[in-house]
Amino acid sequence: KLRVAVVILSILKCLLWCVEKCLKFINKQAYIQTAIFGYSFCKASRMGFFLILRNVLRISAVSVVSQIVLFIGKMFITVASTVGGYYYLDIHFGDELKYLMVPTLLIGIAAYAVAEMFNEVFGMAISTILQCFVADEELFEDTEERFAPGSLAGAIDSTQKKYKTKKKVSVESS
């Protein structure tokens, strides 16, 4: 009976984790829709969900690329700050400090926290710009009436094409 209870609790934990991730995703999209159009939260949730559903390939392609860029940025900021902090401590306080690893570790933790916060804001900006672009495309059929510049459209289209090509290659090789 105890084993069955553990399995049931594990399944519930997994389901709640999935629900939490879905709610966080919908919440983020609702905030973006509220900022763009001024909708109420429930209407913004629905509108954001269906906007993404209608443009799932484009949004997923840009999201994958942006997540990779954000991860690389987070690691670069953390490593560069930690290495820079180590050398700064070594040059200026090398004689006074016996162990540089503890202050360097603290610098690394602080750098990671700052990089995480910066990348969270940057990631929200990427999502917002992408939703604005997609909504702009849906609202205005004529390219002359759109607010988004042509260079942004070209960048998003090229990202989508690269993502489709990589996806086809990985499916064919499987």
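For the structure, see preceding data.
Residues numbered from 1 in each chain as written. Predicted model: local features only at pLDDT ≥ 70, side-chain atom pairs only at ≥ 80, totals over all residues. Heavy atoms only, no water.

### Re the packing of helix H1 (residues 2-37) against helix H4 (residues 101-139)
Two quantities define a packed helix pair, namely the angle between the axes and the distance from one axis to the other. Worth spelling out the cut-off: Whenever a helix is involved, its axis is fitted only over the stretch in contact; in every case the axis is a line through C-alpha atoms, and angles between N-to-C directions fall within 0 to 180 degrees. The secondary structure listing takes helices from DSSP runs of H or I that are at least 4 residues long and strands from runs of E that are at least 2 residues long, numbered from the N terminus. Note that the term roughly parallel is reserved for angles under 35 degrees, roughly antiparallel for angles over 145, roughly perpendicular for angles of 65 to 115, and oblique for everything else. Crossings are assigned a handedness: left-handed for a near helix turned anticlockwise from the far helix by less than a right angle, right-handed for a clockwise turn. The contact criterion used is simple: two residues touch if any of their non-hydrogen atoms lie within 4.5 Å.
Contact geometry of H1 with H4 gives a least axis separation of 10 Å together with a crossing angle of 60°. One element, H1, and the other, H4, form an angle in the oblique class. Once H1 is placed against H4, the crossing between them reads as right-handed. Counting all contacts with H1, which are made through Lys28, Gln29, Ile32, Gln33, Ile36 and Phe37, the residues of H4 involved are Gly123, Met124, Ser127, Thr128, Gln131, Cys132, Ala135 and Leu139.

### Concerning the nonpolar core
What counts here: In plain words, nonpolar cores are sets of buried Ala, Val, Leu, Ile, Met, Phe, Trp, Tyr and Cys residues tied together by side-chain atoms within 4.5 Å. Relative accessibility decides the category of a residue: with a 1.4 Å probe and only protein chains considered, values under 20% of the type maximum give buried, values over 50% give exposed, and everything between is partly exposed.
In terms of nonpolar packing, the biggest core is built from 8 residues, these being Leu51, Ile52, Ile59, Val62, Leu130, Phe133, Val134 and Ala135. Looking at this core, the elements that each hand over two or more residues are helix H2 (41-54), helix H3 (56-93) and H4. At 4 residues, H4 tops the list of elements feeding residues into this core.

### Some points on the state of the cysteines
Which entries qualify depends on this criterion: By disulfide we mean two sulfur atoms from cysteines, separated by a distance within 2.5 Å.
Inspection of every chain in the model, using the stated rule, returns 0 disulfides. Not part of a disulfide, Cys14 finds its nearest cysteine sulfur in Cys18, a span of 4.5 Å.

Keep in mind that these numbers describe shape and distance, not what the molecule does.
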